[in-house]
Number of protein chains: 2
Amino acid sequence: MIVLYDLLGADNRRYSPFCWRTRMSLYHKGLPFEDAPIGFSDKDKLAFSGQGLVPVIVDKAKGGKFVNDSWQIACYLDEAYPAKPLFASEQSRSLSQFLANWSGTAIHMGVAPMIIADLHARVRPHDQAYFRETREKRFGKTLEAMQEGREQRLPAFRAGLEPLRMLVRQQSFICGAQPGYADYIVYGSFQWPLRASDFKILDDDDPVAAWIARIDSLYAQELAADGLSPK
Amino acid sequence: MIVLYDLLGADNRRYSPFCWRTRMSLYHKGLPFEDAPIGFSDKDKLAFSGQGLVPVIVDKAKGGKFVNDSWQIACYLDEAYPAKPLFASEQSRSLSQFLANWSGTAIHMGVAPMIIADLHARVRPHDQAYFRETREKRFGKTLEAMQEGREQRLPAFRAGLEPLRMLVRQQSFICGAQPGYADYIVYGSFQWPLRASDFKILDDDDPVAAWIARIDSLYAQELAADGLSPK
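Given the structure is predicted, the values throughout are model-derived calculations rather than measurements. (Residues numbered from 1 in each chain as written. Chains lettered and ligands numbered in written order. Predicted model: local features only at pLDDT ≥ 70, side-chain atom pairs only at ≥ 80, totals over all residues.)

J.: Describe the interface of chain A and chain B, naming the residues involved and giving the relevant values.
T.: Taken together, the contact between chain A and chain B spans 24 residues of the former and 24 residues of the latter. Residue assignment for the side of chain A that touches chain B shows that the elements contributing at least two residues are α3 (90-122) and α7 (162-170) of chain A. In terms of residues, the side of chain A that touches chain B owes the most to one element, α3(A), which gives twelve residues. Taken together, the residues of the side of chain A that touches chain B sort by class into eleven nonpolar, eleven polar and two charged. (Contact = placed C-beta atoms within 7 Å. Helix = DSSP H or I, 4+ residues; strand = E, 2+ residues; numbered from the N terminus. Nonpolar A, V, L, I, M, F, W, Y, C, P; charged D, E, K, R; others polar.)

Okay, here's the thing in structure tokens:
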């Protein structure tokens, strides 16, 4: 059995893009896992891993080995459990890394200032002070000031998704006929705004929204069993 | 023997990003080919292919079969000549398509207005009127007006290369330890500004420039034999 340390928000919300990548990888491989949600102020529970960031997995079947960092976890899972690979080849793994880099700039950097105050409202009440303090220090302004004017930034954000839109307009998944880790990278990035905010990040008729819905639908049973069905 | 119809500029310059993708694919596979360069006003020479765009290849070893469109050519080459694959897996092919989409937006759309007047000066003299007329009609302004203010746009263009920069800083090629089609896609996109203009699109110490130099170096012999060594 694998234990997944996942970031926990208020009302059992999960919105860490990196944790979503790991969760989807486990669903993809059909590996059963135990959910170990922790909030921002529970980092001491990760002390065993020598660092404070989720996701972390502990693989009880392999002598309690732990792995942190979503990318390292994906590589570990393909090595330890080769069936249903996340990366079809070494080349795919390299190209998936490009998708991770692209998500970090095109999605995360655009999304952060559009949802950060909403996200604050959805972290657990006793984590809010920590969240506000660390983020406002990092960005040099209040969460509310960061989020201001988001409607004006939305068109440029959506335009920046064009390389993804072109791809999922012509095929079911980023990885082709079946999803692979590159799909979960980008899907995870979108779970962040979708679960932390009600701000409409995508148009209903955006092919990117249809692609997200295809993945939701593929794992509808797993998401429902974990109380995480999309609204 | 394969014939490659490549776009020809003044002084034997080659700057079509799409033709470069095909040329590099042929080098990669070690397939000998006959160079058939044609200029903008020689499109009638492609009449056999039912369209007017390069690259087109004619595979004499396969009954004179022709293939147009650089992407289709890459797929054809891997099918007809499976050794030294351009795509290591179906998944890699899908992810390479993402790189092509990204190159089209992050590179081509940024590069075009920074080099288009320079490019005009490097098409063959008798192609210049055609080039100016079609491009000015398409973009609704003169080539010179398009190119104006490029120094101000350069920082945003370079910042947009960050997903690529992060990748080639940590590994030799986009595809990993060895280059694959995704490398040739992006390399081809850069040959366009590098061969059509003297405008410094990349800083000397940019890891992207180092990655281009690694590919140049890998195919130094082939490029020299074809009179196309980088300056």
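Moving on from the coordinates now.
J.: Quick rundown of the relation of the copies chain A and chain B? Include the residues and the values.
T.: Taken as rigid bodies, chain A and chain B are interconverted by a rotation of 180 degrees and an axial shift of 0.0 Å, the fit giving an RMSD of 0.0 Å. Both copies are brought into coincidence by an operation consistent with a two-fold rotation axis. Closest approach to the rotation axis within chain A is made by the C-alpha atom of S92(A), at a distance of 2.4 Å. When the interface residues of chain A are mapped onto chain B, 100% of them are again interface residues, pointing to one common binding face. (Least-squares fit on C-alpha atoms with pLDDT ≥ 70 in both.)

J.: I'd like a rundown of helix α8 (residues 181-196) of chain B, residues and numbers included.
T.: Between its terminal C-alpha atoms α8(B) stretches 23 Å, which fits the 22 Å expected from 16 residues at 1.5 Å a residue. Of all 16 residues making up α8(B), 16 are buried, and the element is well covered by its neighbours. (Expected span 1.5 Å × (residues − 1). Buried ≥ 20, exposed ≤ 12 C-beta atoms within 10 Å, placed from the backbone.)

J.: I'd like to hear about α7(A), residue by residue, with values.
T.: Regarding α7(A), the residues found buried are P163(A), L164(A), R165(A), L167(A) and V168(A). For α7(A), the secondary structure elements touched by its buried residues are α8 (181-196) and α9 (207-218) of chain A together with α3 (90-122) of chain B.

J.: Tell me what's going on with the confidence of the model for chain A, and back it up with residues and numbers.
T.: Overall, the predicted model of chain A reaches an average pLDDT of 97, with 100% of residues at or above 70. As scored by the predictor, the complex reaches a pTM of 0.96 and an ipTM of 0.95. (pLDDT = per-residue confidence, 0-100.)

J.: Provide a residue-level description of the nonpolar core, including the pertinent values.
T.: Counting residues in each nonpolar core, the largest one holds 122 residues, and the members touching the most others are L99(A), I174(A), L99(B) and I174(B). The contacts of I174(B), once residues within four sequence positions are left out, are S94(A), F98(A), L99(B), L167(B), V168(B), A182(B), D183(B) and V186(B). (Core = buried A, V, L, I, M, F, W, Y, C linked by C-beta atoms within 7 Å.)

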